[in-house]
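These are the residues of each chain, in order.
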Amino acid sequence: MDDLAQSITGGRFTEQKLRLKNCGVKKRIYLVETKAKYVSLPEASLNQAIVNTQVIDGFSIKKTTDIKETAAFLTLLTTSLQTKYRGLEIAGVEEPQLTTSTDLLTFESFSEHSVKNRVLSAREVFIKQLSRIPKVSQDKAEAITQVYPTPHSLLRALDSRTDKSGIVADILFGASKRKVGKAASKMVAGLFSEQPLR
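Residues numbered from 1 in each chain as written. Predicted model: local features only at pLDDT ≥ 70, side-chain atom pairs only at ≥ 80, totals over all residues. Heavy atoms only, no water.

Would you take a moment to explain the overall build of the protein chain for this structure?
If you tally the helices and strands in the protein chain, you get nine helices and six strands. A burial count over the protein chain gives 33% of its 198 residues as buried. Within the protein chain, contacts between residues separated by at least 24 positions form 57% of all contacts whose residues are at least 6 apart in sequence. Summing over all exposed atoms, the protein chain offers an accessible surface of approximately 12500 Å²; the carbon and sulfur share of this is 55%. (Helix = DSSP H or I, 4+ residues; strand = E, 2+ residues; numbered from the N terminus. Buried < 20%, exposed > 50% of the residue type's maximum accessible area, 1.4 Å probe, protein only. Contact = heavy atoms within 4.5 Å. Areas by Shrake-Rupley, 256 points an atom, 1.4 Å probe, with all protein chains shown as cover.)

As structure tokens, then:
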């Protein structure tokens, strides 16, 4: 839990999840070692972050008690993958859109799509900007950029609307296809609109 707390307070938590989502791996596992020496955040906050990672971000969560159990889990996972792919013809692909269970990213492609300091597209930068707005989660930001891929496209849409506060309210996000909602929409519109919203 200490690593998770440090990741959250250091600002790496959201970035790590975004990189994992963009690297092309479909079944993502977020590993949390629960044995903590010193935790800088309340346990309830850490548990909420874990639940959000599972429910909103679509990760599987694996909790281990210590480094020994973590090593055992990683050994089992490696063995499972070796068994699954033994005897199959595997195709190395360069893009993270994998079409079959035997299409796997080459190491170079995986590395390129998950590197921390790679050049981000305008949409990826916009997702990062939006997800810093209160009430706008990573999933909401990704859904918003499906409709408005750049700040410019959002600004143009805002200019053409009389009700600016509802600009993104009805956009659906996440696996449950919930609406972004009025509160988040008002926050986005308030930031990108020249007129103060009431």
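Still more to cover.
Got a minute to help me understand helix H2 (residues 12–22) in this structure?
Given 3.6 residues per helical turn, the α-helix brings residues three or four places apart onto the same face. Residues of H2 that are buried include every one of Phe13, Glu15, Lys17, Leu18 and Lys21, and no others. In the core, the buried residues of H2 are packed alongside helix H1 (2–9), strand S1 (29–33), helix H3 (43–55), helix H6 (122–130) and helix H7 (138–147).

Help me understand a negative patch on the surface in this model?
A cluster of acidic residues, Glu94, Glu95, Glu108 and Glu112, forms a negative patch on the protein surface. Note on placement: Glu108 falls in helix H5 (residues 107–114). (Patch = residues over 30% accessible without salt bridge, like charges linked within 9 Å, V, L, I, M, F, W, Y side chains within 5 Å. Salt bridge = Lys/Arg side-chain N within 4 Å of Asp/Glu carboxyl O. Lys, Arg positive; Asp, Glu negative; His and termini not counted. Charge placed at Lys NZ, Arg CZ, Asp CG, Glu CD.)

How do you make sense of the side chain of Ser185 when you look at a structure like this?
Residue placement: Ser185 occurs in helix H9 (residues 182–192). Ser185 sits in the buried class, given a relative accessible area of 0%. A polar atom in the side chain of Ser185 sits 3.2 Å from the backbone nitrogen of Ile167. Engagement of the side chain of Ser185 in a polar contact is seen with the backbone nitrogen of Ala169, the distance being 3.2 Å. If sequence neighbours within four positions are ignored, Ser185 has contacts with Ser165, Gly166, Ile167, Val168, Ala169 and Val180. (Polar contact = N/O pair within 3.5 Å; in protein donor to acceptor, adjacent residues only side chain to side chain.)

How do you make sense of the side chain of Ser131 when you look at a structure like this?
If you trace the backbone, Ser131 turns up in the loop between H6 and H7. Given a relative accessible area of 15%, Ser131 falls into the buried group. Dropping the residues within four chain positions of it, Ser131 is found in contact with Val136, Ser137, Gln138 and Ala141.

What is the right way to read the packing of aromatic side chains from this model?
Overall, the coordinates contain three aromatic pairs when judged by the stated rule. Seen from their ring centres, Tyr30 and Phe59 are 6.2 Å apart, and the 80° between their planes marks the pair as edge-to-face. Of this pair, Tyr30 sits in strand S1 while Phe59 sits in the loop between H3 and strand S2 (60–64), placing them 29 residues apart in sequence. Residue Tyr30 shares its accessibility class with Phe59, and that shared class is buried. Residues Phe126 and Phe192 carry aromatic rings whose centres are separated by 5.8 Å and whose planes lie at 85° to one another, so their mutual orientation is edge-to-face. Remark: Phe192 occurs in helix H9 and Phe126 occurs in helix H6; sequence separation between them is 66 residues. (Phe/Tyr/Trp six-rings, centres within 6.5 Å; stacked < 30°, edge-to-face > 60°.)

Help me understand the environment of Ala141, please; the structure alone is not making it clear to me.
Within the secondary structure, Ala141 sits in helix H7. Owing to a relative accessible area of 0%, Ala141 belongs among the buried residues under this scheme. Sequence separation between Ala141 and Val188 is 47 residues; the distance between their C-alpha atoms is 9.9 Å. When neighbours within four sequence positions are excluded, Ala141 is seen to be in contact with Ile127, Leu130, Ser131 and Val136.

Whenever I open this one, the pattern of salt bridges confuses me. Can you help?
Pairing between side chains of opposite charge can happen when the charged atoms of each approach one another. According to the stated counting rule, one finds two salt bridges in the structure shown. For Asp57, the salt bridge goes to Lys17, with nearest N and O atoms at 2.5 Å. With Asp57 in the loop between H3 and S2 and Lys17 in helix H2, this residue pair connects regions lying 40 residues apart in the sequence. Judged by relative accessible area, which is 8%, Lys17 ranks as buried.

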